[in-house]
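# Coordinates in review
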Amino acid sequence: MTFDLSHFSAAVVFAACASTVFGITQRNTPREMVRYGAYCFALFVGGVIVASWAMWAIKH
Amino acid sequence: MANAQNPTTTGNPAAAGAMAIVAPLAGWLVPGLGHFIQRRWIRGLLLMLSVCIMFFFGLAMQGKVYGFNTGDLLDILGFVGDIGSGLLYFIARSMEWGGGNIQRAVADYGTKFIVVAGLLNIIAAVDAHQIAIGKKP
């Protein structure tokens, strides 16, 4: 089975999985884990969006 | 902070010492198993899902699974990252999955997914060790 993901959807899958592992392994309580995981996810996806607009601005 | 499920708090140092070795090894071989054997069911399940999803998405995107090599430095590092997935890596190699496809851009993303899945699994295995020695609840 093969499939094509767009760059953005691949980045979202990557962010979700990495954030889950970071949240669980880098914090001690469930509440902190959820908060840190959400924080990492927001930074990953936010970073992708900011970098995308930056590249668009450079091109134009 | 210690947890009642942790062997270091049950008054059995031998069991705690064994768990400190067994948990990270089990966690490396099967993602999440290091947490399962310490009864961290939800954490283990989430770690297993995260690592397996990344690994199999990488394969489905026709990413490359690196074999043992002594060539290019990046290929060596790719092998080190890949082998972090434990049994998933050996299964993929034995089934000859992960041949790569240089004609598709998304296959390069897949290669990175597979490497990162291994690296995340190593972090999870270290976390299992931290739980076993009582440094983490």
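Details of the structure are given in the entry above.
Values in this document were obtained by computation on a predicted structure and should not be read as measured data. (Residues numbered from 1 in each chain as written. Chains lettered and ligands numbered in written order. Predicted model: local features only at pLDDT ≥ 70, side-chain atom pairs only at ≥ 80, totals over all residues. Heavy atoms only, no water.)

Attention shifts here to the overall build of chain A. Counting its regular elements, chain A contains two helices and zero strands. Across its three principal axes, chain A shows a C-alpha extent of roughly 45 × 35 × 10 Å. Accessible area of chain A: about 4,000 Å², with a carbon and sulfur share of 69%. (Helix = DSSP H or I, 4+ residues; strand = E, 2+ residues; numbered from the N terminus. Areas by Shrake-Rupley, 256 points an atom, 1.4 Å probe, with all protein chains shown as cover.)

So, about helix 1 (residues 7-26) of chain A. Between the first and last C-alpha of helix 1 of chain A there are 27 Å, a value that for 20 residues agrees with the 28 Å anticipated at 1.5 Å per step. When helix 1 of chain A is considered as a whole, its buried residues turn out to be Ala10, Ala11, Val13, Ala15, Cys17, Ala18, Ser19, Val21, Gly23, Ile24 and Thr25 of chain A. Against the buried residues of helix 1 of chain A lie helix 2 (30-59) of chain A together with helix 3 (41-60) and helix 6 (105-132) of chain B. (Expected span 1.5 Å × (residues − 1). Buried < 20%, exposed > 50% of the residue type's maximum accessible area, 1.4 Å probe, protein only. Contact = heavy atoms within 4.5 Å.)

Moving on: the environment of phenylalanine 44 of chain A. All names here are of chain A. Looking at the secondary structure, you find phenylalanine 44 in helix 2. Separated by 26 residues in the primary sequence, phenylalanine 44 and alanine 18 place their C-alpha atoms 9.2 Å from one another. Not counting chain neighbours up to four residues away, the residues in contact with phenylalanine 44 comprise Phe14, Ala15, Ala18, Ser19 and Phe22.

Within a pair of aromatic rings, the relevant descriptors are the distance that separates the centres and the angle that separates the planes. If you walk through the whole model with that rule in mind, you get eleven aromatic pairs over all chains. Between phenylalanine 68 of chain B and phenylalanine 79 of chain B the ring centres are 5.6 Å apart and the planes differ by 80°, which places this aromatic pair in the edge-to-face class. Note that phenylalanine 68 of chain B is positioned in the loop between helix 3 and helix 4 (73-83) and phenylalanine 79 of chain B in helix 4, a separation of eleven residues in sequence. Judged by its relative accessible area of 66%, phenylalanine 68 of chain B is exposed. Using a relative accessible area of 16% as the deciding quantity, one classes phenylalanine 79 of chain B as buried. Grouped by ring-pair contacts, the aromatic residues Trp28, Phe68, Phe79, Tyr89 and Phe90 of chain B constitute a single cluster. Over the ring of tyrosine 36 of chain A we find arginine 27 of chain A, and its NZ or CZ is 4.0 Å from the ring centre. (Phe/Tyr/Trp six-rings, centres within 6.5 Å; stacked < 30°, edge-to-face > 60°. Lys NZ or Arg CZ within 6 Å of the ring centre and 35° of its normal.)

Residue and element names in this part refer to chain A. Along the chain, the position of serine 19 falls in helix 1. Residue serine 19 is classed as buried on the basis of its relative accessible area, which comes to 3%. At 2.5 Å, the side chain of serine 19 forms a polar contact with the backbone oxygen of alanine 15. (Polar contact = N/O pair within 3.5 Å; in protein donor to acceptor, adjacent residues only side chain to side chain.)

Before going further, it helps to spend a moment on the interface of chain A and chain B. Of the residues lining the interface, 20 residues belong to chain A; the matching set on chain B comes to 21 residues. Roughly 1,900 Å² of surface becomes buried between chain A and chain B when both sides are summed, with 76% attributable to carbon and sulfur atoms. The largest per-residue losses of area from chain A upon contact with chain B belong to Phe3, Val21 and Ile24 of chain A, which jointly make up 27% of the total buried on that side. Put simply, chain A and chain B have one salt bridge between them. Put simply, arginine 104 of chain B and aspartate 4 of chain A hold a salt bridge, and the shortest N to O gap is 2.2 Å. There are five residue pairs in polar contact (both at pLDDT 80 or more) connecting chain A and chain B. Per element, the largest residue contribution to the side of chain A that touches chain B is twelve residues, and it comes from helix 1 of chain A. Across the side of chain A that touches chain B, the residue classes break down as twelve nonpolar, six polar and two charged. (Buried area = accessible area lost by both parts, 1.4 Å probe. Salt bridge = Lys/Arg side-chain N within 4 Å of Asp/Glu carboxyl O. Nonpolar A, V, L, I, M, F, W, Y, C, P; charged D, E, K, R; others polar.)

Any functional reading would require information that these geometric values do not contain.
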